[in-house]
Amino acid sequence: MANHSNMTQEQNKFVKKQHKEEMKQQVISFALMILFTLIAFGMVLLEIGSVFLVPTLLLLAVIQVLFQLYYFMHMKNKGHDMVAVMMYGGLSVAILTIITFTTIIWW
Amino acid sequence: MSHEDVLNPKQLPHDPEKATLEGKNKFVGFWFFLGGETVLFACLFGTYLALNRSTSGDNTPEHLFGLELVFIMTMLLLTSSLTSVYAMYHMKNNDFRKMQIWLGITVILGLGFLGFEIYEFVHYIHEYEFTFRSSAFGSAFYTLVGFHGGHVLFGLSWIVALMIRNSKRGINLYNAPKFYIASLYWHFIDVVWVFIFTVVYLMGVV
């Protein structure tokens, strides 16, 4: 704690700059997320009757969620190894659950 | 140095939410919870995907869903995710007033979302007589979307409670982890919504 409170002016500036840099990345990811949402809604409204429509919609959702997790929720930052273990653990169980429910239980 | 001084340093460290052991524990524990929430919502999504063709009548997804409303709700929730990022940015820069303002905007956007969702449910029930008991699709739909709405309501109450409880405290190492995990929860609600608008609404009308 002590070395934190003795942070010099120089370090302080550096930290603020880092926060700004991160904020910029987050605004860019927000713009991309809006764009992906618009594409997804647009594809459905334009009634593109392709077999690739549903997979594309799901792909757009996955990319959006990755932006949310890695930029908005800071999973790209250091010290998130345990976080990644938990989220990917949860996600793998989640995928198995959905596969099971849609193929075996109510086939 | 007393306990009080340790929690209120003159200069906030780089990551105030993880500067104390309690903060670190909250951080890891909360992500553990989010991993579990992922599985919980996967069960509801799996159920919905398995049962959404069992409509027993006219109220099919194509017939019910209006994409305009869903689009507005998506924009509200997505924007509220960005505003809570702004709130955390100001928290890290130790600007309490700006953090409170951005959290306030987040809450207003969240309330807007919730209002539209309630309107949507009321509309389905009164105009279409589509209820929880109408069909297997009805049960699966209201359980999944309603559970998400419940999360929104809980998240809003949580953020408002934090804002009021800490309104005179400012940011310190005691409440920074609290604000931080509440914002994580809010982002996670948006993560779930991305899949709801894709899987339930968009894939429902395709």
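None of the values given here were measured: they were computed from a predicted structure.

Definitions and limits used
Residues numbered from 1 in each chain as written. Chains lettered and ligands numbered in written order. Predicted model: local features only at pLDDT ≥ 70, side-chain atom pairs only at ≥ 80, totals over all residues. Heavy atoms only, no water. Helix = DSSP H or I, 4+ residues; strand = E, 2+ residues; numbered from the N terminus. Rg over C-alpha atoms; globule rule 2.2 N^0.38 Å. Areas by Shrake-Rupley, 256 points an atom, 1.4 Å probe, with all protein chains shown as cover. Lys, Arg positive; Asp, Glu negative; His and termini not counted. Charge placed at Lys NZ, Arg CZ, Asp CG, Glu CD. Patch = residues over 30% accessible without salt bridge, like charges linked within 9 Å, V, L, I, M, F, W, Y side chains within 5 Å. Salt bridge = Lys/Arg side-chain N within 4 Å of Asp/Glu carboxyl O. Domains from an automatic or database assignment. Contact = heavy atoms within 4.5 Å. Buried area = accessible area lost by both parts, 1.4 Å probe. Polar contact = N/O pair within 3.5 Å; in protein donor to acceptor, adjacent residues only side chain to side chain. Nonpolar A, V, L, I, M, F, W, Y, C, P; charged D, E, K, R; others polar. 1 Å grid on protein atoms, 1.4 Å probe; cavity = no way out; pocket = protein on both sides within 12 Å on 5 of 7 lines; lining within 4 Å. Points joined across faces, edges and corners; volume = space filled by probe spheres on them. Core = buried A, V, L, I, M, F, W, Y, C linked by side-chain atoms within 4.5 Å. Buried < 20%, exposed > 50% of the residue type's maximum accessible area, 1.4 Å probe, protein only. Phe/Tyr/Trp six-rings, centres within 6.5 Å; stacked < 30°, edge-to-face > 60°.

(A) Geometry of the overall build of chain A. Scanning chain A for helices and strands turns up four helices and zero strands. Each helix (α) and strand (β) of chain A, taken in turn from the N terminus, gives the series α-α-α-α. Relative to the globule expectation of 13 Å for 107 residues, the C-alpha radius of gyration of chain A, 20 Å, shows a markedly less compact shape. For chain A, the C-alpha atoms occupy an extent of roughly 65 × 35 × 15 Å along the three principal directions. As presented, chain A carries roughly 6,700 Å² of accessible surface, and 70% of it is formed by carbon and sulfur atoms. For chain A, the distance from the average position of its 7 positive side-chain charges to the average position of its 5 negative side-chain charges is 12 Å.

(B) How the structure looks around a nonpolar patch on the surface. Residues Val 62, Leu 66, Tyr 88 and Leu 91 of chain A make up a contiguous nonpolar surface patch of about 310 Å² in total accessible area. When residues of the nonpolar patch are traced back to their parent elements, those giving at least two are helix 3 (53–72) and helix 4 (81–105) of chain A.

(C) Focus on the domain arrangement of chain A. Residues and elements named next belong to chain A. Domain parsing of chain A yields domain 1 (1–76) and domain 2 (77–107). Placing the centre of domain 1 and that of domain 2 at their C-alpha centroids yields a distance of 21 Å. Opposite the seven residues of domain 1 that make contact, domain 2 presents seven residues. Across the domain 1 to domain 2 interface the summed buried area is about 560 Å²; carbon plus sulfur atoms make up 51%. The largest per-residue losses of area from domain 1 upon contact with domain 2 belong to His 74, Met 75 and Lys 76, which jointly make up 65% of the total buried on that side. Across the contact surface, domain 1 and domain 2 share zero salt bridges. At the junction of domain 1 with domain 2, the criterion picks out six residue pairs in polar contact (both at pLDDT 80 or more). Residue composition of the side of domain 1 that touches domain 2, by class: four nonpolar, one polar and two charged.

(D) Main features of the layout of surface pockets. Reported here for the largest pocket is a volume of approximately 580 Å³. Along the wall of the largest pocket there are 25 residues; nearest its centre are Leu 91, Ala 94, Ile 95 and Ile 98 of chain A together with Phe 195 of chain B. For the lining of the largest pocket, the element with the highest residue contribution is helix 4 of chain A, accounting for seven residues. Domain assignment of the residues forming the lining of the largest pocket places at least three in each of domain 1 (1–76) and domain 2 (77–107) of chain A. Taken as a whole, the second largest pocket holds about 410 Å³ of empty space. If you go around the second largest pocket, you meet 16 residues; those closest to its centre are Gln 18, Asn 77 and Lys 78 of chain A together with His 14 and Asp 15 of chain B. The leading source of residues in the lining of the second largest pocket is helix 2 (residues 9–45) of chain A, at five residues. A breakdown of the residues in the lining of the second largest pocket according to their chemical character gives one nonpolar, eight polar and seven charged. Residue assignment places the lining of the second largest pocket across two domains, with domain 1 (1–76) and domain 2 (77–107) of chain A each supplying three or more.

(E) A look at the interface of chain A and chain B. Tallying the contact residues gives 52 residues for chain A and 53 residues for chain B. Carbon and sulfur atoms supply 82% of the area that chain A and chain B bury against each other, a total of about 4,800 Å² over both sides. The tally of links from chain A across to chain B stands at zero salt bridges. Listing elements by their share of the side of chain A that touches chain B, those giving two or more residues are helix 1 (2–5), helix 2, helix 3 and helix 4 of chain A. Among the elements that take part in the side of chain A that touches chain B, helix 2 of chain A stands out by supplying 18 residues, more than any other.

(F) Geometry of empty space enclosed by the protein. Throughout the structure, instances matching the rule amount to one cavity of 30 Å³ or more. Of the voids in this model, the largest cavity is the one considered here, and its volume is about 70 Å³. Lining of the largest cavity is provided by His 19, Glu 22, Met 23, Gln 26 and His 74 of chain A together with Val 85, Met 88, Tyr 89 and Lys 92 of chain B. Tallied by class, residues from the lining of the largest cavity come to four nonpolar, three polar and two charged.

(G) Quick peek at the nonpolar core. In terms of nonpolar packing, the biggest core is built from 94 residues, with Trp 31, Phe 65, Phe 141, Trp 193, Ile 196 and Tyr 201 of chain B touching the most fellow members. Elements represented by at least two residues in this core include exactly helix 2, helix 3 and helix 4 of chain A together with helix 2 (21–51), helix 4 (67–92), helix 5 (96–128), helix 6 (136–165) and helix 7 (176–205) of chain B. Here this core gets 21 residues from one element, more than from any other, and that element is helix 7 of chain B. The residue makeup of this core includes at least three contributed by each of domain 1 (1–76) and domain 2 (77–107) of chain A. Residue contacts for Trp 31 of chain B: discarding those within four places in its chain leaves Leu 69, Met 73, Met 75, Val 83, Met 86 and Met 87 of chain A together with Leu 184 of chain B.

(H) Inspection of the packing of aromatic side chains at higher detail. All names here are of chain B. Here the structure, examined in full by the defined rule, presents 31 aromatic pairs over all chains. Between Phe 30 and Tyr 185 the ring centres are 6.2 Å apart and the planes differ by 65°, which places this aromatic pair in the edge-to-face class. Here Tyr 185 lies in helix 7 and Phe 30 lies in helix 2, a separation of 155 residues in the sequence. An identical accessibility class is assigned to Phe 30 and Tyr 185; each is buried.

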